[in-house]
Amino acid sequence: MAACSRGLVARPFDLTARGATPPRRRAIRCCCRAQQEPRGRLSKAAAAAPERTEEWRIDGNKPAAAARGRRRASLTAMPSLPFPSPRSRRQSKQQNFYPRCTPRGPAPQSRDTPPKRDTGIASEKEWGINIVDEAFKESGTNEDGSTWYRESAEDLGDNGYRCRWARMGGQSHDGTTEWKETWWEKSDWTGYKELGAEKSGKNGEGDSWWEKWKEVLYQDEWSNLARIERSAEKQAKSGAENAGWYEKWWEKYDAKGWTEKGAHKYGRLNEQSWWERWGEHYDGRGFVLKWTDKWAETDLGTKWGDKWEEKFFAGIGSRQGETWHVSPGGDRWSRTWGEEHFGNGKVHKYGKSTTGESWDLVVDEETYYEAEPHYGWADVVGDSTQLLSIQPVERPPGVYPTIDFSASSPPSDDPPGMSSSPLE
């Protein structure tokens, strides 16, 4: 929907289905070579070893026995409920904002297009946050009876805390269509800085969506290292059927190369639901841990899933995983597999299934894995120029910040009018 001086118009809410294939395992780098190969590759010699499940909806009418003796369960694509955003990513959000943030200007125009699935964490440039220095509060009514408002202010607190924020929104004359958006900058004398945004909307068909994004800079009290954290939460719900999805993404970095990334996802389309969780951890000294766990189920009782984990350090490590399926009657089928990499060109591969399959052999094979994140500390610093440029309140001479060493995480308080309720 779009609010302008001529009124508020609702954009269509598209539930066109597309494949909901969970992300494949990304290309991996040899710890000692500059070659790449899909991380999911197994030994060519292990003909009985399972392949990764790549499609995610199993036919509930097909018995579990149909999967027996096969290297892959029979799966079909599951819809991902895209809620497309007609706005082109090439169009500058910052340019869109200026006529909305300037006080005493024309009525603000909304950017309340629904978020897209599996798009990760947006950049500062994509959000185009630009908070004006002047505090103001104004509202108005458009020709068609729809209303709008916008305001900007600054909140001050202890320890040099400052939060500069801007908020805007609007709704149709009958309240069936609505949009809200809030931006903020936070800082204090400890060096903490935060840049964030939140938006939500709904249309006349009952469809609704919500999205929150932020990035944070702070100094770890114990290691004294600078850290940057980025996160995004997104959700969308259909007003016409029992359908919706929710995603939470996060990335954490420190100045010595420690990196953590992950995501939690959930979706539902009428009688079917699916989940996915994955994580990556790099300790900055060569140790790598990666894992994925995804599963789905129907209201009839059919359940299926796939998970794997890998750990490596200095070319030595392991991989293991499982693919499984449960029928409505409770019959369970599963196949487990594992790999032990010794760092000398030898790999031990083993596995078994509930249908009697088994393998256990040692093969000559090079070891491939990502020893470092493809996007790390230097990258996130270069892409966080707006966060780094936030100016805290000037500290008076002789006044020093109070540091709470009992705090396990940076502040998470939100600016006025914000909420963080997940998909219900």
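Reading the Sequence similarities (unreviewed entry) entry of the UniProt record for the protein gives the comment "Belongs to the ESV1 family."

A. Representation of unusual backbone geometry. Of note, Asn 270 is a non-glycine position whose phi angle comes to about 55 degrees, a positive value. Mapped onto the fold, Asn 270 is located in the loop between strand E15 (259-269) and strand E16 (272-282). For Asn 270, a relative accessible area of 30% gives the class partly exposed. Even without being glycine, Ala 314 reaches a positive phi, approximately 55 degrees.

B. Structural detail: the pattern of salt bridges. Scanning all chains against the criterion turns up 26 salt bridges. Residue Glu 178 pairs with Lys 180 through a salt bridge whose shortest N-O separation is 3.8 Å. For Glu 178, a relative accessible area of 22% corresponds to the partly exposed category. The partly exposed category is assigned to Lys 180, whose relative accessible area is 38%. In this structure, Glu 322 engages Lys 307 in a salt bridge whose closest nitrogen and oxygen atoms are separated by 3.9 Å. Within this pair, whereas Glu 322 is found in strand E19 (residues 316-326), its partner Lys 307 is found in strand E18 (residues 303-313), the two being separated by 15 residues in sequence. If you follow the salt bridges from partner to partner, you end up with Glu 310, Arg 319, Glu 339, Lys 349 and Glu 365 in one network.

C. Seen up close, the nonpolar core. Counting 21 residues, the largest nonpolar core has Trp 127, Ile 129, Leu 195, Ala 197, Trp 213 and Leu 387 as the members making the most contacts within it. Listed by contribution, the elements that provide at least two residues to this core are strand E11 (193-202), strand E12 (208-219), strand E13 (226-237) and strand E14 (243-254). Beyond its immediate sequence surroundings of up to four residues, Trp 213 is in contact with Ile 121, Ala 122, Ser 123, Glu 124, Trp 127, Ile 129, Trp 184, Leu 195, Gly 196, Ala 197, Ser 231 and Ala 232. With five residues, the next largest nonpolar core counts Ala 243, Leu 269, Ala 296 and Trp 304 among its residues.

D. Fine view of the pairing of strand E21 (residues 346-353). As paired strands, strand E20 (residues 332-341) and E21 are joined by seven bridges and run antiparallel to one another. If you follow Glu 340 over to E21, its bridge partner there is His 348. Counting the residues that bridge the hairpin from E20 to E21 gives four residues, and of these Gly 343 lies at a positive phi of roughly 80 degrees. With seven bridges joining them, E21 and strand E22 (residues 358-364) adopt antiparallel strand pairing. Its bridge partner being in E22, Lys 352 is matched across the sheet by Ser 358.

E. Inspection of the pairing of E19 at higher detail. With respect to burial, E19 is a largely interior element, eight of its 11 residues being buried. Here E18 runs beside E19; their pairing, made up of 11 bridges, is antiparallel. Within E19, the position partnered with Glu 310 by the bridge is Arg 319. In sequence, E18 turns back onto E19 through a hairpin of two residues, with Ala 314 there showing a positive phi of about 55 degrees. Linking two consecutive strands that pair antiparallel, namely E19 and E20, is a turn of five residues; a positive phi of about 100 degrees is found at Gly 330 within it.

F. Inspection of the side chain of Asp 188 at higher detail. With respect to the helices and strands, the residue Asp 188 is situated in the loop between strand E10 (178-187) and E11. Buried and without a salt bridge, Asp 188 has Arg 395 as its closest oppositely charged side chain, separated by 9.6 Å. In contact with Asp 188, not counting residues within four places along its chain, are Asn 159, Gly 160, Tyr 161 and Pro 392.

G. Looking closely at the packing of aromatic side chains. The full count for this structure, using the stated rule, is six aromatic pairs. Judged by centre distance (5.7 Å) and plane angle (10 degrees), the ring pair of Trp 275 and Trp 295 falls under stacked. One end of the pair, Trp 275, is in strand E16; the other, Trp 295, is in strand E17 (residues 288-298), with 20 residues separating them in the sequence. Trp 275 sits in the partly exposed class, given a relative accessible area of 23%. Linked through ring pairs, Tyr 266, Trp 275 and Trp 295 together constitute an aromatic cluster.

H. Quick peek at the environment of His 348. With respect to the helices and strands, the residue His 348 is situated in strand E21. At 2.5 Å, the side chain of His 348 and the side chain of Glu 340 are in polar contact. At a separation of 2.6 Å, a polar atom in the side chain of His 348 contacts the side chain of Asp 360.

I. Representation of the environment of Ala 314 within the structure. On the secondary structure map, Ala 314 appears in the loop between E18 and E19. A relative accessible area of 57% means that Ala 314 is categorised as exposed. Put simply, Ala 314 and Phe 287 are 27 residues apart on the chain and 7.5 Å apart in space, counted from C-alpha to C-alpha. If we skip the residues at most four places from it in the chain, Ala 314 touches Gly 286 and Tyr 369.

J. View of the confidence of the model for the protein. On average, residues of the protein score 77 in pLDDT, and 69% of them reach the 70 mark or higher. The low-confidence segment residues 1-102, where pLDDT is below 50, has 272 contacts with residues more than four positions distant or belonging to other chains. Within the model, pLDDT remains below 50 along residues 410-424, and this stretch shows 40 contacts once partners closer than five positions in the same chain are excluded.

Calculation criteria
Residues numbered from 1 in each chain as written. Predicted model: local features only at pLDDT ≥ 70, side-chain atom pairs only at ≥ 80, totals over all residues. Heavy atoms only, no water. UniProt positions renumbered as here; feature names shortened; annotations may be inferred. Helix = DSSP H or I, 4+ residues; strand = E, 2+ residues; numbered from the N terminus. Buried < 20%, exposed > 50% of the residue type's maximum accessible area, 1.4 Å probe, protein only. Salt bridge = Lys/Arg side-chain N within 4 Å of Asp/Glu carboxyl O. Core = buried A, V, L, I, M, F, W, Y, C linked by side-chain atoms within 4.5 Å. Contact = heavy atoms within 4.5 Å. Pairing = 2+ DSSP bridges. Lys, Arg positive; Asp, Glu negative; His and termini not counted. Phe/Tyr/Trp six-rings, centres within 6.5 Å; stacked < 30°, edge-to-face > 60°. Polar contact = N/O pair within 3.5 Å; in protein donor to acceptor, adjacent residues only side chain to side chain. pLDDT = per-residue confidence, 0-100.

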